[in-house]
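Residues per chain are reported as follows:
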Amino acid sequence: MPREVRDVVFVDGVRTPFGKAGGMYAHTRADDLVIRCIRELLRRNPQLPPERVDEVAIAATTQIGDQGLTIGRTAALLAGLPKTVPGYAIDRMCAGAMTAVTTVAGGIAMGAYDVAIAGGVEHMGRHPMGEGVDPNPRILAEKLVDPSALVMGSTAENLHDRVPHITRERADAYALASQVKTAKAYANGKLQDDLVPVATRDPEAGWGLATADEAPRDTSLEKLATLKTPFRPHGKVTAGNAAGLNDGATASLLAAEDVARELGLPIAMRLVSYGFVGVEPEVMGFGPIPSTEKALRIAGLTIDDIGLFELNEAFAVQVLAFLDHFGIADDDPRVNQWGGAIAIGHPLASSGVRLMTQLARQFAEHPEVRYGITAMCIGIGMGGTVIWENPAWTESSQPTQREDDDK
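Every value quoted in this text rests on a predicted model; they were computed, and no experiment measured them. (Residues numbered from 1 in each chain as written. Predicted model: local features only at pLDDT ≥ 70, side-chain atom pairs only at ≥ 80, totals over all residues. Heavy atoms only, no water.)

**What about the overall build of the protein chain?**
Selection rule: Runs of H or I in DSSP of at least four residues are treated as helices and runs of E of at least two as strands, each being numbered from the N terminus. With C-alpha atoms as the basis for the radius of gyration, the globule rule is written as 2.2 Å multiplied by the number of residues raised to the power 0.38. Partly exposed residues are those whose accessible area sits between 20% and 50% of the maximum for their type, while under 20% is buried and over 50% is exposed, using a 1.4 Å probe and protein chains only. A contact between two residues is defined here by any heavy atoms of the two lying within 4.5 Å. Using a 1.4 Å probe, the Shrake-Rupley method yields the accessible areas, and only the shown protein chains count as cover for residues. Positive: Lys, Arg. Negative: Asp, Glu. His and the chain ends are not part of the count. We put the charge of a Lys on NZ, of an Arg on CZ, of an Asp on CG and of a Glu on CD.
Across its full length, the protein chain holds 13 helices and 12 strands. The globule rule puts the C-alpha radius of gyration for 407 residues at 22 Å, and the 20 Å found for the protein chain is close to it. Projected onto its principal axes, the C-alpha positions of the protein chain cover 60 × 60 × 50 Å. In the protein chain, buried positions account for 57% of the 407 residues. Residue pairs in contact within the protein chain that sit at least 24 positions apart in sequence constitute 79% of those at least 6 positions apart. Element-wise, carbon and sulfur atoms account for 54% of the exposed surface of the protein chain, whose accessible area totals about 16900 Å². When the 38 positive and 52 negative side-chain charges of the protein chain are each reduced to one mean point, those points stand 3 Å apart.

This is the structure in structure tokens:
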């Protein structure tokens, strides 16, 4: 007998502070970062019996060493979940955690799970992207992709070629705005509730406590203009207008809406639709455009229905190409209100849940917004988008015509 599809909700999300590769987490294991996030989810939601967790899906791009061995299962055991709780590892490069969320959400929707944990980790200081991989030589020999497709910074330069009106100056200005917004968000206490403090160790300095992201910097357009373009002579992509190499982990709690209400769990967001697409690998930054179009089409919405955007800033040009395509201004207040990966960091497979957690907190502050988007480009030529609904939204929260006129 066919089952009724259930509504899936985002209950809660947390993350470690993101570190620079080889920085504050140089002597911290990747799996310990994930374990810290899972334990924090359980601590913050004591009404959830641990045995009610039906699955743990953890993503990592480089599944080797302390990011290997089916990390979803091993991290669940080490976090203290019952041995009856299964787990697995998943990889979709930058969209690993995003895919972990959509995958377990599908299981929840069809009744296979009631409650699941989904997240991701990347310790890029310990495991650089590409460590241990062996690409099939046919990929290049048969010209299935351009050689530049295997170098993410080169794909960003290629995207600049496709959209020449996006200048380096404009990319730098966007990058500076990200830094400024993140600094303001920290000053206003917007990001701290997402963060799980992590004990760190250094052979010389001793023990420490990571409580804030390590990547944000104080910069200016003048400083950004002096940076080299490592991926192409006289190019446009620099360390200043791209996300850095980072270490960090995220985890989120998802549930069927009826089960969340039964257990007294908070409902932060309701899943509406999602879309993943493939694009030419050499311009992977274009990916979020068609993936967003797909997710909107599935949901029966248009871009005008979206009131908040959390876009992963792998490269400034990737976000700017998205904004231009949909007719959105660079400084639109709906976009990345608290800054993005250029300032905060982008530990590959973990970033999708960071976007979701920030969107959930913004929903709580904006009951007038009904729908929001989390979207990101993905290595080897893909894009991913998830559309969420704000459970705090009501018809009565909409501004009146007079209020609109007053604006």
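**Focus on the side chain of His 127**
Condition: Polar contact criterion, stated in full: a pair of N or O atoms within 3.5 Å, where within protein one must be able to donate a hydrogen and the other to accept it, and residues adjacent in sequence count only if both atoms are side-chain atoms.
Relative to the elements of secondary structure, His 127 occurs in the loop between β5 (115-123) and α4 (138-141). Given the relative accessible area of 7%, His 127 is considered buried. At a separation of 2.9 Å, a polar atom in the side chain of His 127 contacts the side chain of Glu 131. Apart from residues no more than four positions distant in its own chain, His 127 is found in contact with Thr 62, Ile 64, Gly 65, Asp 66 and Gln 67.

**Digging into the pattern of salt bridges**
Filter applied, for reference: Any carboxyl oxygen of Asp or Glu that lies within 4 Å of a side-chain nitrogen of Lys or Arg is treated as forming a salt bridge with it.
Overall, the coordinates contain 22 salt bridges when judged by the stated rule. Residue Arg 270 is joined to Glu 257 by a salt bridge in which the shortest nitrogen-to-oxygen separation is 2.8 Å. Linking Arg 270 in strand β9 (residues 269-278) with Glu 257 in helix α8 (residues 257-263), this pair joins segments that are 13 residues apart in sequence. Among the residues examined, Arg 270 registers a relative accessible area of 15% and is labelled buried. Linking Arg 370 and Glu 389 is a salt bridge whose minimum nitrogen-to-oxygen distance equals 3.0 Å. Here Glu 389 lies in strand β12 (residues 382-389) and Arg 370 lies in the loop between α12 (351-365) and β11 (371-378), a separation of 19 residues in the sequence. Connected through salt bridges with shared partners, the residues Glu 257, Arg 261, Arg 270, Arg 370 and Glu 389 form a single ionic network.

**Quick look at the UniProt feature "domain: Thiolase C-terminal" (unreviewed entry) in the protein chain**
Convention followed: UniProt positions are given in the numbering used here, feature names are shortened, and annotations may be inferred rather than shown by experiment.
As annotated by UniProt and renumbered to match this structure, "domain: Thiolase C-terminal" (unreviewed entry) occupies residues 268-389. The span residues 268-389 is 34% helical and 26% strand by assignment, and the distance between its end C-alpha atoms comes to 9 Å.

**Observations regarding the UniProt feature "domain: Thiolase N-terminal" (unreviewed entry) in the protein chain**
When the UniProt feature table is mapped to this numbering, "domain: Thiolase N-terminal" (unreviewed entry) covers residues 8-258. Taken end to end, residues 8-258 is 31% helix and 20% strand, and its two terminal C-alpha atoms sit 9 Å from one another.

**Remarks on unusual backbone geometry**
Phi angles above zero are rare outside glycine, and Asn 336 is one such case at about 45 degrees. One non-glycine residue, Ile 380, adopts positive backbone phi at about 65 degrees. On the secondary structure map, Ile 380 appears in the loop between β11 and β12. On the basis of relative accessible area, Ile 380 is assigned to the partly exposed category, the value being 40%.

**Things to note about α12**
Here is the rule we go by: To estimate how far a helix should reach, multiply one less than its number of residues by 1.5 Å.
Helix length check: α12, at 15 residues, gives a terminal C-alpha distance of 22 Å against a target of 21 Å (1.5 Å per residue), a fit within 8%. Within α12, 12 of the 15 residues are buried, leaving the element largely enclosed by the surrounding structure.

**A short note on the side chain of Ser 154**
With respect to the helices and strands, the residue Ser 154 is situated in helix α5 (residues 152-162). Ignoring anything within four residues of it in the chain, the contact list for Ser 154 reads Ser 148 and Phe 231.

**A short note on the packing of aromatic side chains**
One pair of aromatic rings is described through two measures. These are the centre distance and the angle between the planes. For clarity, the cut-off: Pairing of aromatic rings covers Phe, Tyr and the six-membered ring of Trp, with a centre-to-centre limit of 6.5 Å; geometry is then stacked below 30 degrees between planes, edge-to-face above 60, and tilted otherwise. We count a charge as sitting over a ring when the NZ of a lysine or the CZ of an arginine lies within 6 Å of the ring centre and within 35 degrees of the ring normal.
On inspection of all chains with the given rule, the structure shows four aromatic pairs. Note on Phe 322 and Phe 326: the rings are 4.8 Å apart at their centroids and 55 degrees apart in plane angle, and the pair reads as tilted. For the pair formed by Phe 322 and Phe 326, the shared burial category is buried. Following the ring pairs from residue to residue traces out a cluster consisting of Phe 309, Phe 322 and Phe 326. Residue placement shows Arg 15 over the ring face of Phe 18; its charged tip is 4.6 Å from the ring centre. In this structure, Arg 370 packs its charged tip against the face of Trp 393, placed 4.2 Å from the ring centre.

**Some points on the pairing of strand β8 (residues 246-256)**
Inclusion rule: Between any two strands, at least two bridges found by DSSP are needed for them to pair.
The buried count for β8 comes to 11 of 11 residues, which makes it a mostly enclosed element. Alternating residues of β8 divide into Asn 246, Gly 248, Thr 250, Ser 252, Leu 254 and Ala 256 and Asp 247, Ala 249, Ala 251, Leu 253 and Ala 255, and every residue in both groups is buried. With seven bridges connecting them, strand β1 (residues 8-15) and β8 associate as antiparallel partners. Bridging across to β8, Gly 13 finds its partner in Ser 252. As defined by bridge partners, strand β2 (residues 19-20) adjoins β8 across two bridges and the pair is classed as antiparallel. Looking at β8, one finds that Lys 20 is bridged to Asn 246.

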